[in-house]
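# Commentary on secondary and tertiary structure
Here is how the chains run, residue by residue.
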Amino acid sequence: MGISADRVVVVTGASRGAGKGIALALGESGAKVYVTGRTQSEGDAPLPGTVFATAEEINLRGGIGVPVIVDHNDDSQVQALFEKVREADGRLDILVNNAFAVPDMLTTPGPFWEKPLSMLDMFNVGVRSSYVSSYYAAPLLQANGQGLVVNTSSFGGTCYMHGPAYGAVKAAVDKMAHDMAVDFRPYDVAVVSIWMGILRTERTLAALEETPGTYDEMMATAESPEFTGRVIAALAQDTDLMKRSGKVLIGAEAAHELGIVDIDGKQPPSHRPFLGNPPTFADAVIE
């Protein structure tokens, strides 16, 4: 399997952060990229970035950026997004489920009962949103006869990271990728979950400004937000992609196998040695 170069892509949650980086990298490869998010104007969110700015940068890099304002808490808006893709293009090659509600206290130390129940917002825009986007994308991917669905995830799927709510969300999207892969396999649509490393996002850089020097060693090997997008672009061209379907991939390791480097020309390291291994799911299928 190798997805055509003129591919049509949807990246959810792409106003900033990992989603923006993934969208830019895929746009740079020549794709038409629909980017979704809620931020329409600078200042609407505490951090910089809008869907329109992401789409414009895709255009500057040689792709086609299509900004779509979508609240992934609203299923009808998600349905309308994929109807727009169907009407304009009649197909979809790659879906990247990246939309994620980041609670204010996500990285605050302490037990879960000392944090607000709003931590559960991650289950709506994180788990449920990935399911809903995949649901509405499925007919387009199925009709295409080939494709790729990616859930962005992290080592928090198996190790303790930011508490039980975050861990449950990441474990859920990992298992969802495995199970959706079973349903999509007859149509040559691959589904994977990608564990990203520490990212140099707007959010991370803003946090580092408050504690300068504290995480210098860690940030020395951090991934750019575009790194995962480069990995996804390479996976889409991999003739052995279906062999990876249903698996949880460590982005840095997949990059090494595919000969991909980050925007600085470096190969980010895998954090497997101290954060743990991806899960191994059973081959049994019970319908």
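Let us look at the structure shown here.

Parameters at a glance
- Every chain is numbered on its own, with residues counted from 1 as its sequence reads.
- At least 70 in pLDDT is required for a residue's local features to be given in this predicted model, at least 80 for side-chain atom pairs to be given and counted, and no such filter applies to totals for whole chains, interfaces and linings, which use all residues.
- Working from all heavy atoms in the structure, the side-chain values ignore hydrogens and water.
- Think of it this way: any DSSP run of H or I at least four residues long counts as a helix, any run of E at least two long counts as a strand, and we number them from the N terminus.
- Atoms counted for the radius of gyration: C-alpha only. Globule rule: 2.2 Å times residue count to the power 0.38.
- To sort residues, take the accessible area from a 1.4 Å probe on protein chains only and compare it with the maximum for the residue type: under 20% means buried, over 50% means exposed, and anything in between is partly exposed.
- Contact between two residues is taken to exist if any of their heavy atoms lie within 4.5 Å; hydrogens are not considered.
- Computed with the Shrake-Rupley method and a 1.4 Å probe, the accessible areas treat only the protein chains shown as cover for residues.
- Angles shown run from 0 to 180 degrees and are taken between the N-to-C directions of axes, each axis being a line fitted to C-alpha atoms and, for helices, limited to the stretch in contact.
- For classification purposes, an angle smaller than 35 degrees is called roughly parallel, one larger than 145 roughly antiparallel, one from 65 to 115 roughly perpendicular, and anything else oblique.
- By definition, turning the near helix anticlockwise from the far helix through less than a right angle yields a left-handed crossing, and turning it clockwise yields a right-handed one.
- In the scheme used here, Gly and all other residues not listed as nonpolar or charged are polar, with Ala, Val, Leu, Ile, Met, Phe, Trp, Tyr, Cys and Pro taken as nonpolar and Asp, Glu, Lys and Arg as charged.
- What goes into a patch is any residue over 30% in relative accessible area without a salt bridge, connected to like charges within 9 Å or, for nonpolar side chains (Val, Leu, Ile, Met, Phe, Trp, Tyr), within 5 Å.
- By definition here, a salt bridge exists when the distance from a side-chain nitrogen of Lys or Arg to a carboxyl oxygen of Asp or Glu is within 4 Å.
- Stacked, tilted and edge-to-face are the three classes applied to pairs of Phe, Tyr and Trp rings, where Trp contributes its six-membered ring and a pair requires centres within 6.5 Å; stacked means planes under 30 degrees apart, edge-to-face means over 60, and tilted covers the rest.
- Consider the ring centre and the ring normal. A charge sits over the ring if Lys NZ or Arg CZ is within 6 Å of that centre and within 35 degrees of that normal.
- Grouping buried Ala, Val, Leu, Ile, Met, Phe, Trp, Tyr and Cys residues that are joined through side-chain atoms within 4.5 Å yields what is termed a nonpolar core.

### Some thoughts on the overall build of the protein chain
When helices and strands are counted, the protein chain shows eleven helices and seven strands. Computed over its C-alpha atoms, the radius of gyration of the protein chain comes to 18 Å, within 12% of the 19 Å expected for a compact globule of 287 residues. Dimensions of the protein chain, computed from the C-alpha atoms along their principal axes, are close to 50 × 45 × 40 Å. Scored against the burial criterion, the 287 residues of the protein chain give a buried share of 50%. Nonlocal contacts in the protein chain, meaning residues at least 24 apart in sequence, comprise 73% of its contacts between residues at least 6 apart. Taken as a whole, the protein chain presents about 13,200 Å² of accessible surface, with 53% of it coming from carbon and sulfur.

### Here's the deal with the packing of helix H4 (residues 121–144) against helix H5 (residues 164–184)
Packing of H4 against H5 leaves a shortest axis separation of 9 Å and a crossing angle of 15°. It follows from the interaxial angle that H4 and H5 lie roughly parallel. Taken as a pair, H4 and H5 cross one another with a handedness that is right-handed. In this structure, H4 contributes Met-122, Phe-123, Gly-126, Val-127, Ser-130, Tyr-131, Ser-134, Ala-138 and Leu-141 to the contact, and H5 contributes Ala-165, Tyr-166, Ala-168, Val-169, Ala-172, Val-173, Met-176, Met-180 and Phe-184. The residue inventory of the contact of H4 with H5, partitioned by class, reads 15 nonpolar, three polar and no charged.

### Description of a nonpolar patch on the surface
Residues Leu-117, Leu-120 and Phe-123 make up a contiguous nonpolar surface patch of about 310 Å² in total accessible area. Note that Leu-117 resides in the loop between strand E4 (94–97) and H4.

### Examining the packing of aromatic side chains
In the structure shown here, the tally under the stated rule is four aromatic pairs. Relative to Trp-113, the ring of Phe-112 has its centre 5.2 Å away and its plane inclined at 80°; by these criteria the two rings are edge-to-face. The burial state of Phe-112 is the same as that of Trp-113; both residues are exposed. Between Phe-155 and Trp-195 the ring centres are 4.7 Å apart and the planes differ by 50°, which places this aromatic pair in the tilted class. Of this pair, Phe-155 sits in the loop between strand E5 (147–153) and H5 while Trp-195 sits in strand E6 (residues 189–195), and the two are 40 residues apart along the sequence. Here Phe-155 falls in the buried class, since its relative accessible area comes to 2%. Lying across the ring of Phe-100, Lys-170 places its NZ or CZ 4.3 Å from the centre.

### Notes on the nonpolar core
Among the nonpolar cores identified, the biggest contains 39 residues, and Val-10, Phe-82, Leu-92 and Phe-184 are the most heavily contacted of them. The set of elements that each furnish at least two residues to this core consists of strand E1 (8–11), strand E3 (64–69), helix H3 (75–89), H4, H5, E6 and strand E7 (248–250). The leading source of residues in this core is H5, at eight residues. When sequence neighbours within four positions are dropped, the list of residues in contact with Phe-184 reads Ala-138, Leu-141, Val-149, Val-189 and Val-191.

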